[in-house]
Amino acid sequence: MREKILAYLEKHARIDLHDLAILLDADEAVVANTIADMEKENIICGYHTLINWDMTSEEKVTALIEVKVTPQRGMGFDAIAERIYNYPEVHAVYLMSGAFDFAVILEGKSMRAVAQFVSERLGPMESVLSTATHFVLKKYKDHGTVLVRKTKDERILVTP
Amino acid sequence: MRNMLSRKVTDIEPSGIRKFFDIVSEMPDAISLGVGEPDFDTPWHIREEGIYSLEKGRTFYTSNSGLMELRQEICNYLQRRVGVSYNAAKETLVTVGGSEAIDIALRALLEPGEEVLIPQPSYVSYLPCTVLADGVPVVIELQEKNQFRLTREELLDAITPKTKVLVLPFPNNPTGAVMEKADLEAIADVIIEKDLFVLSDEIYSELSYHGDHCSIASLPGMKERTLLINGFSKSYAMTGWRLGYAAGPDWLIEQMTKIHQYAIMCAPTNSQYAAVEALRNGDEEVAEMREAYNQRRRYLLKRFEEMGMPCFEPHGAFYCFPNIQRFGMSSDEFATRLLKEEKVAVVPGTAFGDCGEGFLRISYAYSLDSLKEALNRMERFVKRLDEAKNASAGAVDVEISGKEMDAGKADAGKAEA
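Residue indices begin from 1 for each chain and proceed along its sequence in written order. Lettering for chains starts from A, numbering for ligands starts from 1, and both go in the order in which the items are written. Reporting in this predicted model follows two pLDDT cut-offs: at least 70 for local features of residues, and 80 or more for side-chain atom pairs to be given and counted; totals over whole chains, interfaces and linings ignore these cut-offs and use all residues.

For chain A, the name recorded in an unreviewed UniProt entry is Lrp/AsnC family transcriptional regulator, with Hominifimenecus microfluidus as its organism.

Rendered as C-alpha cells:
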C-alpha cells in the first residue's frame with residue numbers, strides 16, 4: 001500500500017484523498033493514515049511545486065558545483081555536507097562516487113550571486129580542496145517531468 | 001458512364017462512428033471520451049529502435065511473412081504469456097494491424113454463403129469483412145446480465161449447418177467484457193463437436209484486470225482450430241505503427257500469407273524492428289500502463305455509481321459500457337444531447353451493433369484530470385435529466401389530482417341537482 005501511494009503521490013501530489021482511495025481500491029481513512037504515518041517517519045519529506053522558472057519574469061540561475069574535500073578525522077563527509085547544505089541557496093547536495101566528492105546544486109538570483117557564494121562561502125571552507133562550477137543553460141526535464149514539451153492530445157476525437 | 005461500383009461494397013454501411021466523428025470535429029472545445037486508442041506515447045526505447053532502424057537504412061521490404069526475428073519473438077511472447085507454442089516459420093504471420101489479420105483470415109476461410117458467428121456489441125469490422133469475403137454474418141446478441149460474455153446456450157442457438165467460423169472478440173471493445181478460462185471451457189467442446197473454427201481477436205489481451213488473460217487456443221484441442229490475432233497497438237501504445245500478427249494452423253497461415261503477399265507485400269519494416277524491441281524489453285511499461293488504466297477504470301465505475309448510472313464491471317480493455325435505459329432515450333439521442341449540452345463526446349453503443357442500444361461506450365484512455373472534468377459534466381447532465389423527469393412526473397400527479405377534483409365537483413353538482 002505504501003509503495004502504491006508513494007508511486008502515485010510522487011507525480012500527483014495534489015490529488016484529492018477521496019480520489020486517491022478510489023484509484024488504489026483502498027479505504028479513504030486507511031490512505032489518509034498511511035500518508036500521515038509516512039509524513040511522520042520522514043518518508044514523505046514535503047510537497048513541492050515543480051516550476052518552470054524560465055517561463056516567468058523571475059531571474060534565476062542554477063549551477064552545479066563539483067566539490068572536492070578532505071574529510072577530517074572524526075568529522076567524515078556528513079559534517080562537511082551539513083556545513084554546505086545549511087545555506088538556504090543550496091538546492092541539493094549529493095555525495096558522489098568518482099572524480100569529486102560532492103555535487104552541489106545551487107540556485108542564485110544572478111551569476112554574480114553564485115560566484116560570490118563559491119568564492120566567499122564554499123571555497124574558503126577548511127575541508128574544501130577545490131570547486132568546479134557549471135552553470136545550467138537550459139532545463140529540459142526536471143523531477144521526471146519534461147519542461148519544454150507542449151502536451152497536446154493529437155488523437156482523432158472519435159475512433160472505433 | 002455505367003455504374004462502376006460493386007454492389008457488395010456499396011451495400012455496406014459506413015461505420016456508425018463516422019457520423020458521430022463529423023459532429024464532434026465541429027466542436028473544438030469538446031472533451032472526448034470517444035477514442036479507441038491509448039493516450040500513452042509509445043515507450044521511448046521502442047520509438048528509438050524505430051528511428052535507429054531508419055538510420056541504419058533498413059528501408060526495404062522484409063519477407064512477406066515478416067522478419068523472422070520478430071516472428072520468433074512473437075512465439076516467445078505467446079509461450080510466455082498464454083502458454084501456447086507456435087512454430088515461427090510456419091504458424092505466424094506479421095500483418096498491418098490486427099485488422100488486416102481479421103480481413104485476410106475471413107477471406108482465406110470462407111466459401112460463399114458460409115456463416116460467421118459474430119457476438120455483438122463488438123468491434124466494427126467483423127461484419128463488413130465477412131460480407132466482403134462472401135460469408136454470411138450471423139450476429140449473437142450478448143446480454144448485460146451475462147456480463148456480455150458468450151454463453152454456451154447462445155452459441156448453440158446460433159449454430160446452423162452452414163456455420164463455419166466463430167469470432168471471439170475478448171477482452172471486448174466496446175463492453176470491456178472478458179471471457180475467463182471457465183467461460184471458454186464452457187464453449188470449447190461445442191466448437192469442437194460442431195467442427196467450427198475460431199477467430200480469436202485478443203488485441204486487448206494485456207489489458208486484463210482480473211487475473212491474466214486466457215486464450216482459447218490454450219485449451220485442449222483448440223489450438224488447431226483457432227487463429228489467434230493480436231498486435232502492438234493497445235498493449236504497447238503503438239496504434240499508428242500499424243502492426244499486428246496472426247498465429248494459427250499452418251494450412252491457414254499459408255493461405256493467408258498468399259493474400260497478404262498480393263495485397264500488402266509486407267508490414268512496415270521499421271515498425272517490425274520497433275516491435276522486436278517491444279517484445280524483448282517492453283514488459284515493464286505494459287505493466288505500468290495496465291496499472292494506470294486499472295486505476296482509471298475504478299475511478300469511472302465509482303463515479304457512475306455515484307451519479308446513478310448502472311454499469312457492469314468491465315474486466316478488460318479500456319472501456320466502460322454504462323446502461324442508460326432508465327433515461328428513456330436512445331443511445332444516439334443521449335450521446336448527441338450530452339455532446340451539445342455539455343460538450344462531452346462518447347460513442348453510442350449502437351455503433352457496435354443494434355444490441356448496443358441503451359448503452360454508451362466510454363473510453364478511459366485519458367488522464368485522470370480529463371476524466372474528472374468529463375465526468376463532472378456528465379453528472380450535471382444526468383442530474384438535469386433526472387430533475388426534468390421528476391418535474392414531469394410531478395406535473396402528471398398534479399394533472400391527475402386536478403381531474404379528480406373536477407370529477408369531484410361534477411359529482412357534487414350532480415348531487416345538488
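1. As for the interface of chain A and chain B
Interfaces are often sized by the amount of accessible area the parts lose when they come together. Contact residues are listed per partner, giving nine residues for chain A and 19 residues for chain B. Residues are grouped as follows: Ala, Val, Leu, Ile, Met, Phe, Trp, Tyr, Cys and Pro are nonpolar; Asp, Glu, Lys and Arg are charged; all remaining types, including Gly, are polar. Of the residues contributing to the side of chain A that touches chain B, the split by class is five nonpolar, one polar and three charged. Any two residues are considered in contact once their C-beta atoms, placed from the backbone, lie within 7 Å.

2. Considerations on the environment of B:L117
All names here are of chain B. For helices the rule is a DSSP run of H or I covering at least 4 residues; for strands it is a run of E covering at least 2, with both sets numbered from the N terminus onward. Along the chain, the position of L117 falls in strand 3 (residues 115-120). Here the C-beta atoms are placed from the backbone, and a residue counts as buried if at least 20 other C-beta atoms lie within 10 Å of its own, exposed if 12 or fewer do, and partly exposed otherwise. L117 sits in the buried class, given 25 other C-beta atoms within 10 Å. Remark: the alpha-carbon pair of L117 and L199, spanning 82 residues in sequence, is separated by 9.9 Å. The residues touching L117, leaving out its near neighbours within four places in the chain, are V138, I140, A158, T163, V165, L166 and V167.

3. Some details on the domain arrangement of chain B
Residue and element names in this part refer to chain B. Segmentation into domains, and thus their bounds, comes from an automatic or database assignment. As far as domains go, chain B holds domain 1 (7-40 + 284-387) and domain 2 (46-281). For domain 1 and domain 2, the distance between their C-alpha centres works out to 25 Å. Taken together, the contact pairs 32 residues of domain 1 with 32 residues of domain 2. Looking at the side of domain 1 that touches domain 2, the elements that each hand over two or more residues are helix 12 (283-306) and strand 9 (319-320). For the side of domain 1 that touches domain 2, the element with the most residues is helix 12, which contributes six residues. Partitioned by chemical class, the residues of the side of domain 1 that touches domain 2 number 18 nonpolar, nine polar and five charged.

4. Thoughts on the sheet that holds strand 2 (residues 92-95) of chain B
Residues and elements named next belong to chain B. If you trace the seven strands from one edge of the open sheet to the other, you get 2-8-7-6-5-3-4, paired in mixed fashion. At either end of the open sheet lies a strand with only one pairing partner, and these are strand 2 and strand 4 (136-141). The average undirected angle you get between the axes of adjacent strands in this sheet is 20°. The sheet contact formed by strand 5 (residues 163-168) and strand 6 (residues 197-201) spans four bridges and is parallel. Bridge pairing in strand 6 links V167 to L199. Note on geometry: axes are lines fitted to C-alpha atoms, helical ones only across the stretch in contact, with angles between N-to-C directions running from 0 to 180 degrees. Docked against the sheet, helix 4 (residues 68-82) engages strand 2 and strand 8 (244-247), running at close to 110° with respect to strand 2. Between any two strands, at least two bridges found by DSSP are needed for them to pair.

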